[in-house]
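Below, each chain spelled out in residue letters.
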Amino acid sequence: VSSLRRARGVKECLLLSLLLLAAWQAGSGQLHYSVPEEAKHGTFVGRIAQDLGLELTELVPRLFRVASKERGELLEVNLQNGILFVNSRIDREELCGRSAECSIHLEVIVDRPLQVFHVEVEVKDINDNPPVFPMAVKIIRFPETRLLDSRFPLEGASDADTGVNAFLSYKLSSNEFFFLDVQTNDEQSQSLFIVQGKSLDREETAEINLLLVATDGGKPELTGTVHILIKVLDVNDNEPTFDQSVYKVKLYENAANGTLVIKVNASDADEGSNSEVVYSISSDVSSKIQMKFKINPSSGEVRTREKLDYEETKSYDIQVIASDRGTPSMSGHCKISVKLVDINDNTPEISITSLALPIQENAPLGTVIALITVSDRDSGINGQVTCSLTPHIPFKLVSTFRNYYSVVLDSALDRETLSDYEVVVTARDGGSPPLWASATVTVEVADVNDNAPLFAQPEYTVFVKENNPPGAHIFTVCARDADAQENALVSYSLVERRVGERALSSYVSVHAESGKVFALQPLDHEELELLQFQVSARDSGVPALGSNVTLQVFVLDENDNAPALLGLGSGGASNMMSELVSRSVGAGHVVTKVRAVDADSGYNAWLSYELQPTQGGARNPFRVGLYTGEISTTRPLDEEDAPRQHLLVLVKDHGEPPLKATATVLVSLMESGQAPKVPLRASVGSDDLQEALVDVNVYLIIAICAVSSLLVLTLLLYTALRCSAVTSEGAGRPGKPTLVCSSAVGSWSYSQQRGQRVCSGEGPPKTDLMAFSPSLPQGPDSTAERQQSSDSECFGKPRQPNPDWRYSASLRAGMHSSVHLEEAGILRAGPGGPDQQWPTVSSATPEPEAGEVSPPVGAGVNSNSWTFKYGPGNPKQSGPEPKKQTQVSFLLRRKGEASQPRQ
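Residues numbered from 1 in each chain as written. Predicted model: local features only at pLDDT ≥ 70, side-chain atom pairs only at ≥ 80, totals over all residues. Heavy atoms only, no water.

Chemist: Give a description of the overall build of the chain that names residues and reports values.
Modeler: When you go through the chain residue by residue, the secondary structure sums to eight helices and 59 strands. Within the chain, the proportion of its 903 residues that are buried is 42%. In the chain, once contacts between residues fewer than 6 apart in sequence are set aside, the share between residues at least 24 apart is 69%. Surface summary for the chain: the accessible area is close to 47300 Å², and the carbon and sulfur share equals 53%. (Helix = DSSP H or I, 4+ residues; strand = E, 2+ residues; numbered from the N terminus. Buried < 20%, exposed > 50% of the residue type's maximum accessible area, 1.4 Å probe, protein only. Contact = heavy atoms within 4.5 Å. Areas by Shrake-Rupley, 256 points an atom, 1.4 Å probe, with all protein chains shown as cover.)

Chemist: Tell me about unusual backbone geometry, and name the residues and values.
Modeler: Arg112 connects to Pro113 through a cis peptide bond whose omega is -5°. Relative to the helices and strands, Pro113 resides in the loop between strand S6 (103–110) and strand S7 (115–124). In this chain, Glu656 is followed by Pro657 through a cis amide linkage whose omega measures -5°. Within the element layout of this structure, Pro657 appears in the loop between strand S50 (644–652) and strand S51 (660–670). One non-glycine residue with positive phi stands out, namely Asp149, at about 65°. Tracing the sequence through the fold places Asp149 in the loop between strand S8 (137–143) and strand S9 (151–154).

Chemist: Just give me the short version of the sheet that holds strand S48 (residues 622–624), but keep the residues and values in it.
Modeler: Here three strands make up an open sheet; going across it, the order is S45-S49-S48 and the pairing antiparallel. Looking at strand neighbours, the two that pair on one side only are strand S45 (590–593) and S48, the edges of this open sheet. Within the sheet, the average angular offset between the axes of one strand and its neighbour, ignoring direction, is 20°. Where S45 lies against strand S49 (residues 630–633), three bridges are found, and the strand directions are antiparallel. What sits directly across from Val590, in S49, is Ser632. (Pairing = 2+ DSSP bridges. Axes fitted to C-alpha atoms, helices over the stretch in contact; angles between N-to-C directions.)

Chemist: An account of the packing of aromatic side chains is requested, with residue identities and associated values reported.
Modeler: Within this structure, the stated rule accounts for 11 aromatic pairs. Through a chain of ring-to-ring contacts, three or more aromatic side chains come together here, namely Phe142, Phe152 and Phe178. The residue whose ring lies beneath Arg151 is Phe193, and the NZ or CZ to ring-centre distance is 4.6 Å. The side chain of Arg502 reaches across the aromatic face of Tyr507, ending 4.7 Å from its centre. (Phe/Tyr/Trp six-rings, centres within 6.5 Å; stacked < 30°, edge-to-face > 60°. Lys NZ or Arg CZ within 6 Å of the ring centre and 35° of its normal.)

Chemist: Describe the state of the cysteines, listing the residues and the values that go with them.
Modeler: Per the stated rule, a full pass over the model turns up one disulfide. Across the disulfide, Cys96 is cross-linked to Cys102 (sulfur-sulfur distance 1.9 Å). Its S-S torsion of approximately 70° makes the covalent link between Cys96 and Cys102 right-handed. With a relative accessible area of 3%, Cys102 lands in the buried category. (Disulfide = S-S within 2.5 Å.)

Chemist: Pulling in residues and values, what's your account of the sheet that holds strand S39 (residues 508–510)?
Modeler: Strand order in the open sheet formed by three strands is S34-S40-S39, and the pairing between neighbours is antiparallel. Edge positions in the sheet fall to strand S34 (472–476) and S39, since each of these pairs with one other strand and no more. Averaged over all neighbouring strand pairs, the angle between strand axes comes to 30°, with direction disregarded. Here three bridges tie S39 to strand S40 (residues 516–519), and the two strands are oriented antiparallel to one another. The partner of Val510 across the bridge, within S40, is Val517.

Chemist: Describe the side chain of Arg62, naming the residues involved and giving the relevant values.
Modeler: Note that Arg62 resides in the loop between helix H2 (48–51) and strand S3 (65–67). A relative accessible area of 11% means that Arg62 is categorised as buried. A polar contact of 3.0 Å, which involves the side chain of Arg62, links it to the backbone oxygen of Pro113. Beyond its immediate sequence surroundings of up to four residues, Arg62 is in contact with Leu54, Val110, Asp111, Arg112, Pro113 and Gln115. (Polar contact = N/O pair within 3.5 Å; in protein donor to acceptor, adjacent residues only side chain to side chain.)

Chemist: Would you mind going over the pattern of salt bridges in detail, with residue names and values included?
Modeler: One pass over the structure, following the stated rule, counts 17 salt bridges. Linking Asp111 and Arg65 is a salt bridge whose minimum nitrogen-to-oxygen distance equals 3.4 Å. Taken together, the residues span a long stretch of sequence, with Asp111 in the loop between S6 and S7 and Arg65 in strand S3 at a distance of 46 residues. Assessed through its relative accessible area of 16%, Asp111 is described here as buried. Using a relative accessible area of 32% as the deciding quantity, one classes Arg65 as partly exposed. Lys396 is paired through a salt bridge with Asp410; the nearest N and O atoms lie 3.8 Å apart. Linking Lys396 in strand S28 (residues 395–401) with Asp410 in the loop between strand S29 (404–409) and strand S30 (420–429), this pair joins segments that are 14 residues apart in sequence. Given the relative accessible area of 39%, Lys396 is considered partly exposed. With a relative accessible area of 36%, Asp410 lands in the partly exposed category. One continuous salt-bridge network, built from bridges that share partners, spans Arg415, Glu416 and Asp447. (Salt bridge = Lys/Arg side-chain N within 4 Å of Asp/Glu carboxyl O.)

Chemist: Run through the UniProt feature "transmembrane region" (unreviewed entry) in the chain, naming residues and quoting values.
Modeler: The positions UniProt marks with the feature "transmembrane region" (unreviewed entry) are residues 698–718. End C-alpha to end C-alpha, residues 698–718 measures 31 Å, and it is 100% helix and 0% strand. (UniProt positions renumbered as here; feature names shortened; annotations may be inferred.)

Chemist: Got a sec to walk through the environment of Ala370? Specific residues and values, please.
Modeler: Here Ala370 is to be found in strand S26 (residues 368–375). Accessibility expressed as a relative area gives 1% for Ala370, which makes it buried. Between the C-alpha atom of Ala370 and that of Leu357, which follows or precedes it by 13 residues, the distance is 8.3 Å. In contact with Ala370, not counting residues within four places along its chain, are Ile352, Ser354, Leu355, Tyr405, Ser406 and Val407.

Chemist: Can you explain the side chain of Asp429? Please cite residues and give values.
Modeler: One can find Asp429 in strand S30. Lacking a salt bridge, the buried Asp429 has Arg428 as its closest oppositely charged neighbour, with an N-O distance of 7.5 Å. Every residue in contact with Asp429, bar those within four places of it in the chain, is listed here: Asn344, Asn346, Pro348, Asp376, Asn382, Gln384, Val385, Pro434 and Leu435. (Lys, Arg positive; Asp, Glu negative; His and termini not counted.)

Chemist: Help me get a handle on the pairing of S9, residues and values and all.
Modeler: What you see with S9 is a clean split: Phe152 and Leu154 sit on the buried side and Arg151 and Pro153 on the side with no burial. Pairing between S9 and strand S12 (residues 190–196): four bridges, direction antiparallel. Paired with Phe152 across the bridge in S12 is Ile194.

Chemist: An account of the environment of Ala605 is requested, with residue identities and associated values reported.
Modeler: Checked against the element boundaries, Ala605 lands in the loop between strand S46 (596–597) and strand S47 (608–611). When the C-alpha positions of Ala605 and Pro563 are compared, they lie 7.8 Å apart, and in sequence the two are 42 residues distant.

Chemist: I'd like to hear about the confidence of the model for the chain, residue by residue, with values.
Modeler: The predicted model of the chain has a mean per-residue pLDDT of 75, with 72% of residues at 70 or higher. This model gives residues 19–29 a pLDDT under 50, and the stretch forms seven contacts once residues within four places in sequence are excluded. Here residues 678–687 scores under 50 on pLDDT; set against residues more than four positions off or in separate chains, the count is two contacts. (pLDDT = per-residue confidence, 0-100.)

Chemist: So what about the environment of Glu155? Which residues, and what values?
Modeler: Inspection of the secondary structure puts Glu155 in the loop between S9 and strand S10 (168–172). If sequence neighbours within four positions are ignored, Glu155 has contacts with Phe133, Pro134, Asp284 and Gln319.

Below is the structure:
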């Protein structure tokens, strides 16, 4: 009855403990299920998907999976209905041993986004293990002289189950000599004793057979039995007795082999050999205990034989027997309870269960990189683990559950700054000294297209000579992209636009991969001086990024155009003109003027005129102006001069090599008062010619007035600007220097700023109106010479003359009605300056001398071009001193033309 009461009290305590455990688990924030052990395959455990709040349709797309550190094959989830079921046999005793609590911890992992759920499945014990005694037959020897109430300890049965199923009750078969005494100590362990209730008489009963039955508390009850054979002995009637029936010892688990555990002592009241005690470990204990401990038979010292491990076994119960040397031998028994004390001898273990790598460099903050589980086999504070990460990295640890961590993104990433990180996870326990372990996770940063290709500079200037071969390589653009792989693969293309009436792609092309720019056709400086366009560089990312660079291609002039002679008068021949001259004219009389233009620019368009010597070396009474083309007499004509003079004028430019053209002038000398003979060809249509001359004279008068007014306005504007510049700048700040170039005819100046014809696609090229500040000529060490030297060093050769001296296309074709002044001239004033002396206009002036205004190159205009002169108009007037000359350079734009931007 007392055993039943004790069993009922134990059951109530276990039930209360289970209720408290369930209440604690319900508040821990994880799913709890229970399943009995030995459940069949397919046994329902729980609707895990529904309890986790997941839809059945998203289980497969989100890669629903279950992981477990302890034999994950025991449980499985049906992805079709989200039910957790038993997959294989679950043996609680094999899984958890004698532990009071037995649970299977599951990690449920889903992706997109990555989530982790913790599920605990409690394995409930069923009564599937009967009590088992250490042996089937137990032989006990009782001397006949043993006193009543003598006690003999028995090794109880063991039940692999837990809880109520492992609570055992014992029953001894009825007999008249012995009864069973069961004692329960404070640790709920039982001690069995066979107590002698009646004196033994070996002569009456030599052996007694008893049956000990152990019954567990399960439903249904299971039993185990052991046969006890009691042999009644005669002789030695005193057994050795220990000082204590139970010895309790605490021992550190790191105790070395041979460490003394305890020394037991037993005494025997007999004398002689019957009182000599021999100690031994009971054969009833497990072989594991016999391997771990040993006892000295004589002294009773118990020592360790092997290394002890708290994590393997926390305690040992050692049964020690003290036997005397009597015949028969008598023995006493005691139990040594050894409790191991844990030390910090196990380093933490780190397990990386899931990785989401590589990570995009634009990943949002909080993105989960990896899941980390840490554990420590030690207990107490030695098993408490803290985790940390390498400092100064864009990641942090977030605790999701006890000993479960997530590595998440803490700050923005940039692959171009650092493409991978070595993340070291360090786990450190709380022992003294603490032990630690580390694991390295290499986090690769995946590239995204966040960098556009970049050029080294926003604009490039390219110089290309005209008449280049088609397909010539003129430049190579290169853009760099800081991204990787296809995001850094750069392709090039033209930014298409119109250049005049044509598409840009008809002039140039760019190779998509190398960035080489090719000229698709020969470029013509006379047609196109500057070609400005953009090249686009785009990478292959999604979306693609790009940038543009501007190319300014300057087409350099070459001497590819010979001088072209303009209309040669009424002769009608392409290179011949006829003139009538009276023999009475004096020296310096202008007979005619040979006019020619060159489509090139600069030196290549600078024309000079030469008169070829006559055959036979005869003295020629005529000469030609070197740069004006005016044919004039060198002396008065006399009777010895031939009546018909054939003059051959050679016109050549200053290119390398120079190109030439020739004009034949036929001069007929006539006597004073002799009527000129009109050639037959000239007489035809004379009426029409007279009418045309009348119209031309009207236009000439209008043009002369307009040019004179414009010249006066220019001089007034120049004087005002000059005065204001002197007042504001002072004597210590000279004006902008003028580049001075030397030639065969002296020094001539032109502006450092070129008037370009820019092809921008909005319309045909036009000529600008440009006015330049005057400057006084400098000495040999002047700024102008230094500027000329600098320009020569930059280009490797003398700079070409300003292309603004070149005539426009309309002037090359010849003008019919109005006067056009499109060239930059040099206005010279005498020592006294422009003192109320206004320019005079003449259509036939002699060789330019001091005070004249004429183009600095030999490119003449049509028949309406003029020469301006300051001063009284005396052709023999000596020029002013060079050191006191004031030069004014100006360029007039034709009426009606819009100005273009200067590059």
